[in-house]
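Residue strings, one per chain:
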Amino acid sequence: MYSAATMLFALGASYAAVPLYRAFCAATGYAGTPKTGMGKFEPERLHPVTGARRIKVTFNSATSEALPWTFTPQQKHVWVLPGETSLAFYTAKNTSKEDVIGIATYNVLPDRVAPYFAKVECFCFEEQKLLAGEEVDMPLFFFIDKDILDDPGARNVTDVVLNYTFFKARRNKQGHLEPDAAKDVVDASLGWSHYEHAEPIDSSSDAKGDTAVKPSA
Amino acid sequence: MSFGRPGSSQILQAAPPDRGSFPLDHDGECKAMMSAYLKCLKENKSASTPCRNLTKGYLDCRMQRGLMQKEEWENIGLGAVNGSPDSRGATKK
């Protein structure tokens, strides 16, 4: 009888171990479990580190040739402290006679700062429609995470460049908006230009619409 | 992001913003606050700290006009900044 009870208990304990382990790891962050929730946007992280060296963030802009917009930053730089949420502006004007939908991408240089550059709210990756002749201000609310001071490779960086590129938007096969430009141009605007890429999978042969994965020759 | 990008097990270069995208201010309702902020930046050698009250003012302008989702100031890092009066008070979520 006792052995049966012991076996049942052991069986039950092995089932209970999974959620218990998960709860323990999530609470303590043991073995690298990411602490979910607001993550790097938790309010406690958003305090300026007074006394830290200021970082100069420079704003650049570019537009694709297919896009009839002017797009310029309203300030050349902003000097920010780590952990300090800051505002910056770009202005975009549709110089054509039609309404145009644009979509923006961006990258951050140097690469080692990119994981610490956090955008609270901006105007990128989603479609932005400008009416013919319209000019509009586009704000960007961001901060540089204070963990950058703990990263020996990145803590001495004082110059950060933010490059925004606006593309014309088009709909792809799935009906999603995407930049109307060659893939390598879009990749370059995202900062991937010096990485090797795998061949894109050719999905034009699936007549029935399901995306079968084919080995790229 | 709705368009393709190379996957990576490391932190991705361009992560989407936490709160998404600002709606466009088509009517320029907050342009005056923006100009005030930019003027402050020019006067303070582009340092962002002295102008944080205007940052708060601009975002408050957007929130009042439905151009930004309302948010407690502490949650966006502006809790300690004196700016436009905090009419929402310290409400619990």
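Per an unreviewed UniProt entry, chain B is named Cytochrome c oxidase assembly protein COX19, and its organism is Serendipita vermifera MAFF 305830. Per UniProt, chain B carries the Sequence similarities (unreviewed entry) text "Belongs to the COX19 family."

Chain A is annotated in an unreviewed UniProt entry as Cytochrome c oxidase assembly protein CtaG/Cox11 of Serendipita vermifera MAFF 305830. Reading the Function (unreviewed entry) entry of the UniProt record for chain A gives the comment "Exerts its effect at some terminal stage of cytochrome c oxidase synthesis, probably by being involved in the insertion of the copper B into subunit I."

K.L.:
Account for the overall build of chain A, naming residues and giving values.
P.N.:
For chain A, the count of helices and strands is two helices and 10 strands. When the helices and strands of chain A are read in sequence order from the N terminus, they spell out α-β-β-β-β-β-β-β-β-β-β-α. Counting the 217 residues in chain A, one finds 40% classified as buried. Across chain A, the fraction of contacts at a sequence separation of at least 24, relative to all contacts at a separation of at least 6, is 70%. Carbon and sulfur atoms form 57% of the exposed surface of chain A, whose accessible area is close to 12,000 Å².

K.L.:
Give me the state of the cysteines: which residues, what numbers.
P.N.:
All names here are of chain B. Going through the model one piece at a time under the given rule, you end up with two disulfides over all chains. Covalently, Cys-40 is tied to Cys-51 through a disulfide, its sulfur atoms 2.0 Å apart. Since a negative S-S torsion denotes a left-handed disulfide, the Cys-40-Cys-51 link at about -95° is left-handed. Linking Cys-40 in helix 1 (residues 31-43) with Cys-51 in the loop between helix 1 and helix 2 (52-64), this pair joins segments that are 11 residues apart in sequence. The pair formed by Cys-40 and Cys-51 is uniform in burial state, with each residue classed as buried. In chain B, the bonded cysteines, taken in the order they occur along the sequence, pair up as 1-4, 2-3.

K.L.:
Summarise the sheet that holds strand 4 (residues 86-94) of chain A; cite the residues concerned and give the values.
P.N.:
Across the sheet, four strands lie side by side as 2-4-8-6 (chain A); this open sheet has antiparallel pairing. Sheet topology places strand 2 (69-73) and strand 6 (117-121) of chain A at the edges, where each strand pairs with a single neighbour. In this sheet, neighbouring strand axes are inclined to one another by 30° on average, regardless of whether the strands run parallel or antiparallel. Bridge count between strand 6 of chain A and strand 8 (residues 135-144) of chain A: four bridges; the pairing is antiparallel. Looking at the pairing, A:Lys119 lines up with A:Phe142 of strand 8 of chain A. Sitting on the sheet, helix 1 of chain B is in contact with strand 4 and strand 8 of chain A, with an inclination near 120° to strand 4 of chain A. This element, helix 2 of chain B, spans strand 4 and strand 8 of chain A of the sheet and lies at about 125° to strand 8 of chain A.

K.L.:
Give a description of the pairing of strand 7 (residues 127-130) of chain A that names residues and reports values.
P.N.:
Residue and element names in this part refer to chain A. The side-chain alternation of strand 7 yields one buried face, formed by Gln-128 and Leu-130, and one unburied face, formed by Glu-127 and Lys-129. Both strand 5 (residues 100-109) and strand 7 contribute to a ladder of four bridges, which runs antiparallel. Bridging from a neighbouring strand, Ile-101 pairs with Lys-129 of strand 7.

K.L.:
Report on helix 1 of chain B, specifying residues and quantitative values.
P.N.:
Residue and element names in this part refer to chain B. Counted at 1.5 Å a residue, the expected span for helix 1 with its 13 residues is 18 Å, and the 18 Å between its end C-alpha atoms agrees. Of all the positions in helix 1, only Met-34, Tyr-37, Leu-38, Cys-40 and Leu-41 are classed as buried. One side of helix 1 holds all its buried residues, which, seen down the axis, span an arc of 155°. Set apart from the buried face of helix 1 by more than 90 degrees, the exposed residues are Ala-32, Lys-39, Lys-42 and Glu-43.

Conventions we followed
- Residues numbered from 1 in each chain as written.
- Chains lettered and ligands numbered in written order.
- Predicted model: local features only at pLDDT ≥ 70, side-chain atom pairs only at ≥ 80, totals over all residues.
- Heavy atoms only, no water.
- UniProt positions renumbered as here; feature names shortened; annotations may be inferred.
- Helix = DSSP H or I, 4+ residues; strand = E, 2+ residues; numbered from the N terminus.
- Buried < 20%, exposed > 50% of the residue type's maximum accessible area, 1.4 Å probe, protein only.
- Contact = heavy atoms within 4.5 Å.
- Areas by Shrake-Rupley, 256 points an atom, 1.4 Å probe, with all protein chains shown as cover.
- Disulfide = S-S within 2.5 Å.
- Pairing = 2+ DSSP bridges.
- Axes fitted to C-alpha atoms, helices over the stretch in contact; angles between N-to-C directions.
- Expected span 1.5 Å × (residues − 1).
- Arc of directions from axis to C-beta.

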